[in-house]
Structures are given as C-alpha cells and as structure tokens.
Amino acid sequence: MHRALVIGRYISNYGGAHKYLENLVRLLCQNNFEVAVGLEVDDGNSEFCAKIGSIGARIVNIPFDSQSRMKVIAIMDHIIQDFRPTIIDCEVAAKTVRNALISCKQFEKADCKKLFTMHLAIKSEDLPSTHLAMINPFGSWRRGLKERRKFLRMFDEGISVSEFHAKRISKLLGLKENFFTYVPNGVDVDTFSPTSRRENPVPVIGGCGGLVFQKRFDILLEAAKQLKERGCKFRVKIAGNGPELEGLQTFIAQHALADVAELVGYQEDVARFMSELDIFVMCSDNEGFPYAQLEAMASGLPSVVTEVGDFPSMVQNGIEGFMIARGDSLQLSEALFGLVNDKALRLKMGLKAREAVVQNYKVEDREQETLAKYIDLSQGRHSVAT
C-alpha cells in the first residue's frame, strides 16, 4: 500500500488550502493510500481534524507554532520513522514549517519521494523598493530568496494550483522549468449549477472568502457606497469570517450601508450562497487559483475580478466578466454599475462563465491528474531535480 504523509498548517480561517487538503485526503483514501496528516491540533481546528480523520486519515499533532523547533523536529523524526511514507507532501511554506523541515534529519534521509504543493507564492513577487535592496547579498530580500531556494531543493517535485505563481517563482528562485506541475483546482459542476439560482427583486452582488486584508472586501464596500450614491438598486452579501470583520462592520455603519450591505458570516453551504447571487466579486490584492471563483462561474455568475494571479486565465475581460486594477474601487463600481443595470449582460456572461468551467475545470479531471502524480511519485517515477 502507498503511504502519504501530508504536512499542513491549519489557520483559524477555513479557506482554499484547507478545502484542497480535505479533498486530497478523501481522494487518496479512496484510492488505497494510507494517509497521515501532520498539523498543529488545537481548539480552533478540532472540527476540521475530526472531519479529515473521519475520512480515514491519521492525524498527527505537530506543534509548529506553539513549541520549540527542536520539539517539532523530534516529533517529525518520529512520525517519519514510524509511518515510513512512500511520499511526503508539504502543503505549506510558513517559516516555522520551513525551518523545521530544513533541520529534520529524517526528512532529509527518508527513502521516499518528496512533493511540495504551492497554493500561493512561497515568496512575495513584489521587488524591493530600491535597486540596492535587491542586489545587497546581506539584505533581507536576498536572504529570503536563498532560504526558500534551499527549502525547495529538498523536494523532488512540486505541484502548483497556480500557473502564474509557478512560472514566477521558478524564475525568481532559479528552479528548473519543469519543477512545478500545474494542476489547477477543480469544481463539482453538478453541485454548483445555475439551475438552483433564484430570482431576486434587485441584483445581489456577492463576495466569499476569509475576511483578511488580502481579500480587500473594503474595496467592495467602497464600491457599494459609490453605487448607492448613484441611486442604483442592489444588495451586497459578503460571506466569511476573519480578523477584518470588525473593520468591515464599522465601515458599513459609518457610511450608512446597512440597507444595502450585509456580512452573512461563514457559509457551510457555499452552493446555496452562490444561488442567492446575481454577480460575484473577487477584488483581492493577491490570489492563486481560488475555489470561490470557480464555484461562482460554475453557478453561472458573471464576475468582476482584479488582475492578479490566475484571474486573467480564468476570466476573459468582457466575456465571462470584467477585469479591474488592484485596489481600484472606482473601476469596480463602474463594472458593477454596468452589470447591475443590464440583466441580459449578466445572463450572457454567466452562461459563458459556466461553459468555461465545464470545459476546463471539472473536479474529476483535476483529481485524476493529482492522483496520477501521487502514484507516480510513490512508485519512484517521474522525479525531476531543482
């Protein structure tokens, strides 16, 4: 039997990386893999751990953020020796995890293939503000490149859900061109479908994701403020929880938006949430290949997205939706103004969005690619070097 040790790092805001991990565990367990998942277990993620445990995974508590590095290394040494994996997949690149793996002798010596899965860029692709900072060999930016290059060279191969980040990081860190295999996320096109959509009295604009600064839901609320000032009839629903909740609540109160904007909290049934919308917005500062965007498109929703990550390959400007500059609430409000006031355009773009997802991003196709990679690596095939 193949044995996969998957290393993760759960944070309190359930997001795409956690959905990916849950789906991965299910896929591997259904295909004769014995799976162990190593992550820090605490009160905040006990429900998530119970869920993937019920699928069939063995949960190993690796306290990356609450214990010393030496303690973490000792635990990792033990689980690698005890579990004897045929493949180790690291699903996270946080500093605490990188430091532990770099120092873990059993990880280095393990007689198995090692895979790194990248959801967002392992290193910020924004260049330093000055040329001197970029070329200074002792500066923090260059040190960061060196440390991440050393980390990735511990792995035989990589999977990236984002083609954009795979190409940029490979170039930035000097990796072999074929180190990363691009396997985008997929969506269940039966669960997320336009057939369950309901008719709303006024167009409903929606956003979905962790309420963290990167998602820039403040830009969506600023655009809602501008639309209200122009007399538009609409509503905004934002689903999710996170540290930006209080700030978003304050913005709504200060700008008297309670009659048009609503924070609906974490939604377990995302398909139902999507069925309540007419337009979807992702105005993030940084993204990879987000599930929420796929789910919205599969649900037949036109979207307005920022020109970051893989959005340009997911949404053709003027076809499945509109592309805007990062951080530009005026562009967002203009795009939304056109969609709010043109039902025929919404339906036309939503149909194109659905067609694109059905053709390119069905979950069963993406899962077969991922499974093939795991089987090949577990059998010692198709490895590349950095």
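Structure: above.
Note that the structure is predicted; figures quoted are calculated from it, not measured.

1. Points about the sheet that holds strand S11 (residues 279-282)
Here is step 1: An order of S10-S9-S8-S11-S12-S13 is seen for the six strands of this open sheet, with the pairing classed as parallel. The strands lining the two open edges of the sheet, one partner per strand, are strand S10 (261-265) and strand S13 (321-324). Within the sheet, the average angular offset between the axes of one strand and its neighbour, ignoring direction, is 20°.
Here is step 2: When strand S9 (residues 235-239) meets S10, the two strands line up parallel, connected through four bridges. Within S10, the position partnered with lysine 237 by the bridge is glutamate 262.
Here is step 3: Running at roughly 165° to S11, helix H12 (residues 291-298) makes contact with strand S8 (204-208), S11 and strand S12 (303-306) of the sheet.

2. Looking at helix H14 (residues 329-340)
The α-helix advances 3.6 residues per turn, and as a result positions three or four apart in sequence lie on the same side.
Here is step 1: In this model, H14 (twelve residues) spans 16 Å end to end at C-alpha, consistent with the 16 Å of a helix rising 1.5 Å per residue.
Here is step 2: Looking only at H14, the buried set comprises Ser329, Leu332, Ser333, Ala335, Leu336, Leu339 and Val340. The buried residues of H14 all sit within an arc of 165° when viewed along its axis, so they share a single face.
Here is step 3: The elements touched by buried residues of H14 are S8, helix H9 (217-229), S11, S12, S13 and helix H15 (343-360).
Here is step 4: Among the residues of H14, the N-terminal cap falls to aspartate 328, whose side-chain oxygen and the backbone nitrogen of leucine 330 are separated by 3.1 Å.

3. Quick look at the packing of aromatic side chains
Here is step 1: What the rule picks out here adds up to seven aromatic pairs.
Here is step 2: With a centroid separation of 5.6 Å and an interplanar angle of 65°, the aromatic rings of phenylalanine 107 and phenylalanine 155 are classed as edge-to-face. Of this pair, phenylalanine 107 sits in helix H5 (residues 105-109) while phenylalanine 155 sits in the loop between helix H7 (140-152) and strand S6 (157-160); the two residues are 48 residues apart in sequence, bridging distant segments of the chain.
Here is step 3: Accessibility expressed as a relative area gives 1% for phenylalanine 107, which makes it buried.
Here is step 4: Phenylalanine 155 gets classed as buried once you look at its relative accessible area, which sits at 3%.
Here is step 5: A ring pair is formed by phenylalanine 116 and phenylalanine 155, whose centres lie 5.7 Å apart and whose planes are at 50°; its orientation type is tilted. On the criterion of sequence distance, the pair formed by phenylalanine 116 in strand S5 (residues 113-118) and phenylalanine 155 in the loop between H7 and S6 is long-range, its members being 39 residues apart.
Here is step 6: Among the aromatic residues, ring-to-ring pairing joins Phe107, Phe116, Phe151 and Phe155 into one connected group.
Here is step 7: Of note, lysine 114 hangs over the ring of phenylalanine 107, and the distance from its end group to the ring centre comes to 5.4 Å.
Here is step 8: Note that arginine 230 overlies the ring of phenylalanine 337, its terminal NZ or CZ placed 3.8 Å from the centroid.

The rules behind each value
- Residues numbered from 1 in each chain as written.
- Predicted model: local features only at pLDDT ≥ 70, side-chain atom pairs only at ≥ 80, totals over all residues.
- Heavy atoms only, no water.
- Pairing = 2+ DSSP bridges.
- Helix = DSSP H or I, 4+ residues; strand = E, 2+ residues; numbered from the N terminus.
- Axes fitted to C-alpha atoms, helices over the stretch in contact; angles between N-to-C directions.
- Contact = heavy atoms within 4.5 Å.
- Expected span 1.5 Å × (residues − 1).
- Buried < 20%, exposed > 50% of the residue type's maximum accessible area, 1.4 Å probe, protein only.
- Arc of directions from axis to C-beta.
- Polar contact = N/O pair within 3.5 Å; in protein donor to acceptor, adjacent residues only side chain to side chain.
- Phe/Tyr/Trp six-rings, centres within 6.5 Å; stacked < 30°, edge-to-face > 60°.
- Lys NZ or Arg CZ within 6 Å of the ring centre and 35° of its normal.

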